[in-house]
Amino acid sequence: MDPWHAPWGNGRHATGPEAAAARTPEPQPEQEPQPGPEGPGSPDFPAAAAPQPGRPAHPQSSANPDPAPAAASRTAPPHRHSAHTPWHDARAAAAGAVDGPLEAAAVPLGPEALGRVLAGALTALTDLPSFDTSAMDGWAVSGPGPWRVTAPSTLAPAATAGILAGQGPARPLPDGHAIRIATGARIPPGASAVLRSEHGEVAEQPDGGALLSAPGGATPGQDIRPRGQECRNGDQLLPPGTPVTPAVLGLAAAAGYDELWTYRRPVVEILVLGDELLHSGLPQEGRIRDALGPMLAPWLHALGAETIGPRHLADDEGVLYEAIASSTADVVITTGGTAAGPVDHVHPTLRRLGAELLVDGVQVRPGHPMLLARLDPADGSAPRGRAAKRTKRTARTPRTPRHLVGLPGNPLAAVSGLLTLAEPLLGTLSGRPRSEPRRVRLADGVQGHPHDTRLVPVVCRTDEKGGVVARPLHFNGPAMLRGIAAADALAVIPPGGAAEGEPAVLLGLPWSPAATNPITAVTTPDTGATGGRA
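Criteria and thresholds
- Residues numbered from 1 in each chain as written.
- Predicted model: local features only at pLDDT ≥ 70, side-chain atom pairs only at ≥ 80, totals over all residues.
- Heavy atoms only, no water.
- Pairing = 2+ DSSP bridges.
- Helix = DSSP H or I, 4+ residues; strand = E, 2+ residues; numbered from the N terminus.
- Axes fitted to C-alpha atoms, helices over the stretch in contact; angles between N-to-C directions.
- Buried < 20%, exposed > 50% of the residue type's maximum accessible area, 1.4 Å probe, protein only.
- Arc of directions from axis to C-beta.
- Contact = heavy atoms within 4.5 Å.

Attention shifts here to the sheet that holds strand β15 (residues 267-273). Read across the sheet, six strands follow the order β18-β15-β19-β23-β22-β20 without closing on themselves; strand pairing throughout is mixed. Whereas interior strands pair on both sides, the edge strands pair on one side only; in this sheet they are β18 (306-313) and β20 (356-360). Strand-to-strand, the axes of this sheet are offset by a mean angle of 20 degrees, without reference to chain direction. Sheet analysis places strand β22 (residues 371-374) next to strand β23 (residues 403-407), joined by four bridges and oriented antiparallel. The residue bridging Leu372 from the neighbouring strand is Val405, located in β23.

For the rest of this paragraph, the subject is the sheet that holds strand β10 (residues 201-204). Strands sit in the order β9-β6-β8-β7-β11-β10 across an open sheet of six strands; the sheet is mixed. Because the sheet does not close on itself, it has two edges, and the strands there are β9 (193-196) and β10. The sheet shows a mean angle of 35 degrees between the axes of neighbouring strands, taken without regard to direction. In this sheet, strand β11 (residues 210-213) lies alongside strand β7 (residues 147-149) in antiparallel orientation, the contact comprising two bridges. The residue bridging Trp147 from the neighbouring strand is Leu212, located in β11.

A few words now on unusual backbone geometry. The step from Leu128 to Pro129 runs through a cis peptide bond, and the omega angle for that step is -10 degrees. Following the sequence through the fold, Pro129 ends up in the loop between β4 (122-123) and β5 (133-134). Of note in this structure, Asp223 is not a glycine but carries a positive phi near 55 degrees. Inspection of the secondary structure puts Asp223 in the loop between β11 and β12 (224-225). For Asp223, a relative accessible area of 17% translates into the label buried.

For the rest of this paragraph, the subject is helix α4 (residues 246-254). Restricting attention to buried positions, one finds in α4 the residues Val248, Leu249 and Ala252. Along the axis of α4, the buried positions cluster into a sector of 100 degrees, meaning they face one direction only. Those residues of α4 that are exposed and angled more than 90 degrees off the buried face are Pro246 and Ala247. In this structure, the buried residues of α4 make contact with β4, β13 (236-238) and β14 (259-263). Positive phi shows up at Gly256, right after α4, with a value of about 105 degrees.

Structure representation (structure tokens):
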């Protein structure tokens, strides 16, 4: 068996002699690798010499994981490993494939705005709070105590239980008096403090009135939220490029907004290719379950995209051509078919469409047959194919070209392509600012490929000194999802490998904050860790 590829998973590596004759495996490295020492739970990578003390493990500097130079555009040549784009350059090319975000529009404050990115600064439309309010339930008091308790109707004729939130202005509170007040209620004129209910004592008086006293007194301004405490009208609350979270929606509502000015979400159409894929039940008769169809749409949603599909297409070049040519999506994502086998139709279809290849193969494991292509010229002309005559392309501006990201068919290889090419491209289209990568020390050494970057699933754990370390996981072969399902991130391992204790850049996963927030790293043991070199 080829030690670099497992014969299971989703994609272009089907089982059986007939399938083997029809499929072309991913291009092999120049040197035939030997099985590693880990056993069946990990991929078989060639043994790499451990980095020497005082020497970098690889020639690529780690100061900038995504340098600016992008790969040169070219048409689809035969697959040659030496022509593949370095991983860092591929990510930069994907991020720079478009000039900037999609068009901006005002959307109602609510679920439609959630997950979008602010196209302009969020500026306060009012003071917050817009009037002095009570921070606690208790009494509004005027001057030093004790205070004579005032009947609510004296200051607010409609009030029976005191001053409540949402009521209009009350009459001034005389000096030496107190009145019941609820949290969030407007402070009456003349009040100097709010005395919490648990801090006051009320005593009945012979004349039928009541006297409020406080052993600790009431400091002026106590438990009053003054007008403008959080912000003043015109203050910038959030800068452009901020993702709209539920908390942002709440802040915008408090600041007086009914709608938000945001960039449109990129629309992604998912095309899952392969006659060998089943969509339910157990694998049988040489066919396997589609693992990518159920995974890609939720993942893309987490990246801020809207999705069409997944659509499952047979291994037919004409069907693939029509699907891509007629798509109205900003980005088309295909799974499988990116190699050069008899039923790998992505490259021939791109040539037929006149697409411009921006990245054609990446020096990364797993997933090196991934690709990125620009489908439209810069003027964003209409789609081709029969369906183009009946398609209205209202979703995109004329100057935004469509792109295609071709993912390998093996599941973890597809995840590698998603994080390498799709995520940076979608980040630019949606207006998300690029964050500084997080570097975490490796708990174990990781074997490297002689020439390519490796992306290895890791979990973030707290070591005995209280620091955060990234522990590599087993089950990290290109056809495996067991490792990534338990992972917090993918560690970027340079060619030649990385030693225990060496910092590694982490690519965070949308559902796991542990890769970016050290506080969330857990201390429980994990059964999927390698316990040695991955």
